[in-house]
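# Examination of the molecular architecture
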Amino acid sequence: YIDDKANAVWAGKGAILLGLDGQEVQKQQFIDLLDGKVTNPVTGEIEDLSAATGKTRRAGFDMTMSAPKSVSIIGVALNDERVKEVHSQAVAKAMGWVEENGALLRAGGERHLSGNLIYANVQHETSRLNEPQLHEHNVVVAITFDAEDGKWRSLTNDEIMLIRSKADVIYKKELAAGLEKIGYQVEWADNGRDFEVKGITREQIEFMSGRSSQIDAQLIANGLDPKTATWIERQIANLDTRSSKQNISEDQFQSVVSRALDAAGIDRLIVQTSKDRAQAGFTPNEKQIGSAALQSVLQAAEHFGEREQVFKKADFEEKALRLSTGSSATIDHIKAATLTLMENKGLVAAEPDKSGAAFYTTPQAIEREKTLGAFIEQQKGQGHSMLGAAQSDGKNGTGRFDSLLVEFEAIKSFEIPNYKLSAEQVRAARNIMMHQDQVQMIQGDAGTGKTASLEFVKFAADRSDWNVVGMASSASASQELAGGRGIASVTIAGYGNHIKQRKDAFTKDTQTMR
């Protein structure tokens, strides 16, 4: 990443702890940190994290943030230094958001957020084809400081990988807002994530974008649409088409860029026009931005509140930012609006789950949970045991369950030799079919065999003249339940409509009889 045009500097709250923030990265220092050798800011002692994890330890990873092509054209080709500064500030803001929401460590068998990273930031202005392309590499060292016990620990990067594409939304919203402050206008794509500077046409962008054309061609070859490809899909195409960068002199670069600007028909006065707009006061109104941010936060809370009991803070903030497209709202505006919503009891901080990430919930969700809990308590001992009464074959519930299990496993063994349900799967099925409480819950991670238990329940129900109806929160989950285990399934909303229609029909029939 480093050459005669680009130096690496340390950044991140972890770098601040080490007194390195803003300092130029030294080779041996970089190697030591990647190897897990780091000074404890409290004791001054050298800690060696590699001693505990060995050679399999992850040293670090790169998070690259790249400006839209039109931004690179005005920043690099037209040499607007203000744009380069806005770009760097946006990258720093996005990386700070990653620190806040993704810097996790594992200690004592549990994960929690540390809130600090150490990363080497390298600023580049050209692509591998020596075209204008503002982008910054952020080489994150896989260590983070645990303030709770005053030690450095290995960074758990699972959450960072999950929120990586969301960080790009944070970056682009910050970048767009910064550009508007210095007089440029932006035009957003329908996805609420991408934008270009007004005044630079699509044809001009494509003319100046040989590298993007390479990536788009690879996406098409991979059977993907460049317009809808995900961040991960674009990264794969990027690596598949990556070639060695050939460095050219600054004079050569400026000569090539000048000819390209003329050939593309790009108006060089766009920079001066932006300065005139900024001086004339054509910049975003903070009061209007705050109002738009609050509206977006309310919509995001409604969106998640209808679908989830709890939801990740990172997901919520990114969703609110997307909903604010068209305004100049940034992550700081969203955070301020979120605080207002929390102060007015419209949003509540929830307990972190085992991932260690931060979560929110809504008062409505809490009320639903209380209502559900009360209903479960009321239904204890009120259920109907599918196999509880004596059967026509003279067997009691336990005997009937055991014989049905033997029959089910024998039939399944024709598909899977020596098929057997685990003890946990059998216990779960027994509770569903024979427990006297009306509500039963099975909880388990993906792949632990919950659906296999349900398949046996369905089999036993069919043999015992019981009807099993599946319900799921989404259509896709409903289809999976129906297709995987043959359980007739509907969405919860669909089942609610079905019950309402039955009640309406019963009321109508009763009125007719009268």
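Details of the structure are given in the entry above.
The following refers to the structure shown. Source: prediction; values computed, not measured.

### Looking at the sheet that holds strand β5 (residues 104-107)
Pairing within the open sheet is antiparallel, and its four strands lie in the order β6-β5-β10-β9. The sheet terminates laterally at β6 (110-113) and β9 (143-146), the two strands that pair on one side only. Averaged over all pairs of adjacent strands, the angle between strand axes in this sheet comes to 50°, irrespective of strand direction. Direction of pairing for β5 relative to β6: antiparallel, over a ladder of four bridges. Bridge pairing in β6 links L104 to L113.

### Looking at the pattern of salt bridges
According to the stated counting rule, one finds 27 salt bridges in the structure shown. A salt bridge links E317 to K313; its shortest N-O distance comes to 3.2 Å. In this pair, E317 and K313 both sit in helix α13 (residues 313-323), four residues apart, roughly one turn of the helix. A salt bridge links R430 to D402; the nearest nitrogen and oxygen atoms lie 3.8 Å apart. Of this pair, R430 sits in helix α17 (residues 423-434) while D402 sits in helix α16 (residues 397-412); the two residues are 28 residues apart in sequence, bridging distant segments of the chain. Given a relative accessible area of 29%, R430 falls into the partly exposed group. Three or more residues are tied together by salt bridges with common partners; here these are E100, K313, E317 and K335.

### Some thoughts on the nonpolar core
Core analysis: the largest hydrophobic core is formed by 69 residues, its most contacted members being V71, L175, L179, Y184 and F316. A total of nine residues in this core trace back to one element, the largest contributor, which is helix α6 (residues 158-181). Contacts of V71, omitting those with residues within four sequence positions, involve V83, L134, L175, L179, F195 and V197. Ranked by size, the runner-up nonpolar core spans 21 residues in total, among them M386, L404, F459 and L481.

### Remarks on the packing of aromatic side chains
Per the stated rule, a full pass over the model turns up 11 aromatic pairs. Ring geometry for W10 against F30: centres 6.0 Å apart, planes inclined by 45°, an arrangement best described as tilted. One end of the pair, W10, is in strand β1 (residues 8-11); the other, F30, is in helix α2 (residues 27-34), and 20 residues separate them in sequence. For W10, a relative accessible area of 1% translates into the label buried.

### Thoughts on a nonpolar patch on the surface
Side chains of L372, F375, I376 and V439 sit close together on the surface and give an oily, nonpolar patch of about 300 Å² of accessible area. Its location among the elements puts I376 in helix α15 (residues 363-378).

### Focus on the side chain of H135
With respect to the helices and strands, H135 occurs in strand β8 (residues 132-141). A polar side-chain atom of H135 sits 2.9 Å from the main-chain carbonyl oxygen of Q133. In this structure H135 touches T64, M65, S66, H87, V122, Q123, H124 and T126, once residues within four positions along its chain are discounted.

Conventions and cut-offs
Residues numbered from 1 in each chain as written. Predicted model: local features only at pLDDT ≥ 70, side-chain atom pairs only at ≥ 80, totals over all residues. Heavy atoms only, no water. Pairing = 2+ DSSP bridges. Helix = DSSP H or I, 4+ residues; strand = E, 2+ residues; numbered from the N terminus. Axes fitted to C-alpha atoms, helices over the stretch in contact; angles between N-to-C directions. Salt bridge = Lys/Arg side-chain N within 4 Å of Asp/Glu carboxyl O. Buried < 20%, exposed > 50% of the residue type's maximum accessible area, 1.4 Å probe, protein only. Core = buried A, V, L, I, M, F, W, Y, C linked by side-chain atoms within 4.5 Å. Contact = heavy atoms within 4.5 Å. Phe/Tyr/Trp six-rings, centres within 6.5 Å; stacked < 30°, edge-to-face > 60°. Patch = residues over 30% accessible without salt bridge, like charges linked within 9 Å, V, L, I, M, F, W, Y side chains within 5 Å. Areas by Shrake-Rupley, 256 points an atom, 1.4 Å probe, with all protein chains shown as cover. Polar contact = N/O pair within 3.5 Å; in protein donor to acceptor, adjacent residues only side chain to side chain.

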